[in-house]
Amino acid sequence: MTRVSANIDELLIDHAHCEKKAAGVAMNLMFAYVDHTDLVRAMGDIVQEELSHFRLVLDLLDRRGIRFRKLPPSQYGARLHAMIDKQEPTRAVDRLLVAALIEARSCERFGLLRDHLPDAELAKFFGDLFESEARHHSTYVRLATEFAHEDKVKARLAELAIAESAIIAQGEDLVRLHS
Ligand SMILES: [Fe+2]
Ligand SMILES: [Fe+2]
């Protein structure tokens, strides 16, 4: 955890960007698949929740006197995005499953930070977010089954998860939540 502890300010700024991005991803999915009522409702809820997380991180930054600023994006998101099929309906499945993987990774990270950060306020902060990201993961996976049979969704999720592990193994020079 030394790397994270030493760069906690940057980690928090990155976290704020991640919450903002998560809201954007859900909003884009809502716009892309408006005829799927279940998806539209679920995305509406996630947009609101991610924006409230974004606000919580901004408040935390304020309390700590850390200025929110632009950060160069990590390669993780771009590399994951590159795996999304161009053709519908596979594209919809991929977009939802990539979002699901990002949620799962955030959730895993929050769990680690909750259990290992020496700073009690931060540990609690990440612990509080843990559960909603786990819920978002299952929502995205469930919604993918609106576009393909469950077996196909499971197989594709496994494929994408393997590719994601390879992306993570490639590493990242920047301090990022998903590095
Ligand atoms: Fe979130
Ligand atoms: Fe989320």
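Note that the structure is predicted; figures quoted are calculated from it, not measured. (Residues numbered from 1 in each chain as written. Chains lettered and ligands numbered in written order. Predicted model: local features only at pLDDT ≥ 70, side-chain atom pairs only at ≥ 80, totals over all residues. Heavy atoms only, no water.)

Caption draft 1: Focus on the overall build of the protein. Within the protein, the regular secondary structure consists of seven helices and zero strands. The helix and strand sequence of the protein, counted from the amino end, reads α-α-α-α-α-α-α. At 16 Å, the protein has a C-alpha radius of gyration in line with the 16 Å of a compact globule built from 179 residues. When its C-alpha atoms are laid out on the principal axes, the protein stretches across 45 × 35 × 30 Å. Per-residue burial for the protein yields a buried fraction of 45% across its 179 residues. For the protein, the exposed area adds up to about 9,500 Å²; of that, 55% sits on carbon and sulfur atoms. A gap of 4 Å separates the mean positions of the 24 positive and 29 negative side-chain charges of the protein. (Helix = DSSP H or I, 4+ residues; strand = E, 2+ residues; numbered from the N terminus. Rg over C-alpha atoms; globule rule 2.2 N^0.38 Å. Buried < 20%, exposed > 50% of the residue type's maximum accessible area, 1.4 Å probe, protein only. Areas by Shrake-Rupley, 256 points an atom, 1.4 Å probe, with all protein chains shown as cover. Lys, Arg positive; Asp, Glu negative; His and termini not counted. Charge placed at Lys NZ, Arg CZ, Asp CG, Glu CD.)

Caption draft 2: Focus on the coordination of the iron ion (ligand 2). With distances of 1.9 to 2.5 Å, the protein atoms coordinating the iron ion (ligand 2) are Glu50 (OE), Glu103 (OE), Glu103 (OE), Glu133 (OE) and His136 (ND1). Taken in sequence order, the residues that donate to the iron ion (ligand 2) follow the motif E-x52-E-x29-E-x2-H. On the basis of relative accessible area, Glu50 is assigned to the buried category, the value being 1%. Look at Glu103 and you get buried, because its relative accessible area is 5%. (Donors = N, O, S within 2.8 Å, 3.2 Å for Na, K, Ca; no water.)

Caption draft 3: A look at the side chain of Arg105. In this fold, Arg105 is placed in helix α5 (residues 90-116). Side chain to side chain, Arg105 and Glu164 meet in a polar contact 2.7 Å long. (Polar contact = N/O pair within 3.5 Å; in protein donor to acceptor, adjacent residues only side chain to side chain.)

Caption draft 4: Geometry of the coordination of the iron ion (ligand 1). Protein coordination at the iron ion (ligand 1): the donors are Glu19 (OE), Glu50 (OE), His53 (ND1) and Glu133 (OE), at 2.0 to 2.2 Å from the metal. In this structure, the iron ion (ligand 1) is coordinated by four donor atoms arranged in irregular fashion, with angles at the metal of 90 to 139°. Positions of the donor residues of the iron ion (ligand 1), expressed as sequence spacing, correspond to E-x30-E-x2-H-x79-E. A separation of 3.5 Å is found between the iron ion (ligand 1) and the iron ion (ligand 2), which share Glu50 as a coordinating residue. Note that Glu19 is positioned in helix α2 (residues 8-32) and Glu133 in helix α6 (residues 120-144), a separation of 114 residues in sequence. (Tetrahedral: all angles 85-135°; square planar, octahedral: opposite > 155°, others 65-115°.)

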